[in-house]
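Listed here are the chains, written in short residue letters.
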Amino acid sequence: MIRFSHVHKSFTRSGVALQDVSFQVNKGEFVFITGPSGAGKSTILKLCFFEELPTRGEVKVCGTSSVLYKPVEVPRLRRRLGIVFQDFRLLEDRSVEANVAFALEVTGTPAAQVSGRVSRLLTQVGLAAKATALPRELSGGEQQRVAIARALANDPVVLVADEPTGNLDERATRGIFQLFRDINASGTAVLMATHDLDLVRRSECRTIEVTRGQIVFDSAADGGMRPSLARPAVEVDE
Amino acid sequence: MRLAFREALLAFRRAPMLSALSITTIAFSLFAFGLFGLVALNIRNALREVEDRVEIRAFVADGTGAEATSAALGDIGAFPEAASVRLVTQAQALDRARRELGEFSDVFEEGILPASIELRLKPGFRDPATVRAIAKRIEVYDFVDDIRFGEEWVEKLHRLRNIATLAAASLGLTFAVVAVIIIGSTIRMAVLARAREIAIMRLVGATDGFIRAPFLIEGFLKGTLGGLLALVLAWVALVIINRFVVQATFFDQWMGAVGVLAGACIGLAGSALSVGRHLKRV
């Protein structure tokens, strides 16, 4: 589904972002990408939806290879992915339902089907009652749910989420995470970048840890839990 | 396509001030170009009126028979360059001289002025070389005593026309380039104002063609509205000029239509360039 083979990525100004990164995400998997800020998590995700291209190596997503692809294939690839960001990226001047409908309309869904699908998606994310609200009238968690509904609009095979809970409080984080688990349970693979280690520890999902542009731990390959993710022991003062 | 139209119209509703600013900028850029066009048009008309007076006058020798002159009139009238040809008899020449030079009317005696064949030329055949060549073709008739076409005057007029054409072309081109730059920048602002929307469209898998379509429609509509507004402004300017300065001519309907179409095309091209550049960068 997603395969990184010896991927290097460097930027003209900021230098090396990824070095020799290789991993694979299989159908229906739930994978966390963790690591400190600037480790390369977001670059990995951008490579997944071809927002960036590797400097060396190959990224293959849903059959589209970064080495062999033609530019016209990128929109087609993105329709097979759902993309969610920390800052929601909603259209502020459109209602919740219009934001979700937008994703369907721009990908050529027949007009007659749009309304029904939008209702189903909003019900799925628990926002059916707020269909006509504007994004600014919603809480952060609700806005992220709208973004998730939009990401699900084209029935993606993989959901790529970059710090989706980064702007949310703990309760909203739990709700959003549960939503991701539900989506994953219905067969959609999820690749989620986060530095919320509590969330990672609780989930027991596959975890890939990135540091300074390199994969330093992959629970699928290394097994168990990375020591850096283990809950620190509580020290008792004598 | 329906969605692209809807998005283009929504853009007007969502950002009415920016849209109004774009249309006004386009209108004033085209208005400046239109004003220059009006000046060029009226200078051209004035020159054409003067050019209409370019004629070749072949003086007919005394005693030439009517048969010879009428045969020559037929031949000369068949020249492809000929707009009109006529015979001015001695009596008509005298009458005209007395009419035009009223205070010297006593000076002119009967038979003092010769008859002449006067040839006017079609537009496009009034340059000095052509006029000279046609005069030479008429000169071969035996009965032609002398032939005149104001050679010096025709040359000066031709030079003036060339200067006016060159000035019109270079100034017109400058105005057009300035208009395209201003309009392009205005549309670029509109594109940047919707950068977020474009980014989201790309993320959800919209093709570049799909993203471009509403902007192209929007640019076309803005250009058309700007062109219409420029035409109205030019008309108002003409009314003021006619009332307070000089009687001038306005564009005919085709020129007006071409002006509005030019606005639409500039709007379309400006949008295509701006959104194309933006899509390449993001």
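Heads up: the structure comes first, above all this text.
All of these numbers come straight from a predicted model, not from anything done at the bench. (Residues numbered from 1 in each chain as written. Chains lettered and ligands numbered in written order. Predicted model: local features only at pLDDT ≥ 70, side-chain atom pairs only at ≥ 80, totals over all residues.)

**Describing the overall build of chain A**
Of the regular secondary structure elements, chain A holds eight helices and ten strands. Burial statistics for chain A: of 238 residues in total, 40% are counted as buried. (Helix = DSSP H or I, 4+ residues; strand = E, 2+ residues; numbered from the N terminus. Buried ≥ 20, exposed ≤ 12 C-beta atoms within 10 Å, placed from the backbone.)

**Here's the deal with the sheet that holds strand E4 (residues 144-148) of chain B**
All names here are of chain B. The strand order across the open sheet formed by four strands is E2-E3-E1-E4, and the pairing between neighbours is antiparallel. Here the strands that pair on one side only, and so sit at the sheet edges, are strand E2 (82-88) and E4. Neighbour to neighbour, the strand axes of the sheet diverge by 15 degrees on average, direction disregarded. Bridge analysis of strand E1 (residues 55-60) against E4 gives four bridges, and the strand direction is antiparallel. By the bridge assignment for E4, Phe-59 is matched with Asp-146. (Pairing = 2+ DSSP bridges. Axes fitted to C-alpha atoms, helices over the stretch in contact; angles between N-to-C directions.)

**Section: the pairing of strand E9 (residues 206-211) of chain A**
Residue and element names in this part refer to chain A. For strand E3 (residues 30-34) and E9, the ladder comprises four bridges, and the chain directions are parallel. Bridge assignment links Ile-33 to a residue of E9, and that residue is Ile-208. Two elements, E9 and strand E10 (residues 214-218), share four bridges in a ladder whose sense is antiparallel. Among the inter-strand pairings, Glu-209 is bridged to a residue of E10, identified as Phe-217. Linking E9 back to E10 in an antiparallel pair, the connection comprises two residues, with Arg-212 at a positive phi of about 45 degrees.

**Brief notes about unusual backbone geometry**
All names here are of chain A. Its identity as a non-glycine residue notwithstanding, Phe-50 has a phi of 60 degrees, on the positive side. Locating Phe-50 in the fold gives a position in the loop between helix H1 (41-48) and strand E4 (56-61). Looking at Phe-50, the number of C-beta atoms within 10 Å reads 19, which means it is partly exposed. At Glu-163, a residue that is not glycine, the phi angle is positive and equals roughly 50 degrees. One can find Glu-163 in the loop between strand E7 (158-162) and helix H6 (170-185). In this structure Glu-163 comes out as buried when scored by C-beta crowding, with 20 C-beta atoms within 10 Å.

**A look at the packing of helix H1 (residues 2-14) of chain B against helix H8 (residues 208-244) of chain B**
Residue and element names in this part refer to chain B. Between H1 and H8, whose axes approach to 8 Å, the crossing angle comes to 55 degrees. In terms of orientation, H1 lies oblique with respect to H8. Judged by the twist between their axes, the crossing of H1 over H8 is right-handed. Contacts between H1 and H8 involve Ala-4, Phe-5, Glu-7, Ala-8 and Ala-11 from the first element and Ala-213, Pro-214, Ile-217, Glu-218 and Leu-221 from the second. Among the residues forming the contact of H1 with H8, the class breakdown is eight nonpolar, no polar and two charged. (Parallel < 35°, antiparallel > 145°, perpendicular 65-115°, else oblique. Left-handed = near helix turned anticlockwise from the far one by under 90°. Contact = placed C-beta atoms within 7 Å. Nonpolar A, V, L, I, M, F, W, Y, C, P; charged D, E, K, R; others polar.)

**Observations concerning the interface of chain B and chain A**
Residue-level contacts link eleven residues of chain B with 14 residues of chain A. Per element, the largest residue contribution to the side of chain B that touches chain A is four residues, and it comes from helix H7 (residues 195-203) of chain B. Considered class by class, the residues forming the side of chain B that touches chain A number seven nonpolar, two polar and two charged.

**Structural notes on the nonpolar core**
The biggest cluster of nonpolar side chains holds 71 residues, and the ones touching the most others in it are Cys-48, Val-100, Ala-149, Val-160, Val-190 and Leu-191 of chain A. Residue contacts for Val-160 of chain A: discarding those within four places in its chain leaves Leu-45, Cys-48, Phe-49, Leu-81, Gly-82, Ile-83 and Leu-191 of chain A. Ala-190, Val-191, Leu-225 and Leu-231 of chain B belong to the second-largest nonpolar core, a separate cluster that totals 27 residues. (Core = buried A, V, L, I, M, F, W, Y, C linked by C-beta atoms within 7 Å.)

**Points about the sheet that holds E4 of chain A**
Residue and element names in this part refer to chain A. Pairing in this open sheet of four strands is antiparallel, and the strands run E2-E1-E4-E5 from one edge to the other. Looking at the sheet topology across the chains shown, the edges are occupied by strand E2 (15-25) and strand E5 (64-65). Looking at chain direction, strand E1 (residues 2-11) and E4 are connected through five bridges and run antiparallel. Note that in E4 the partner of His-8 across the bridge is Arg-56.

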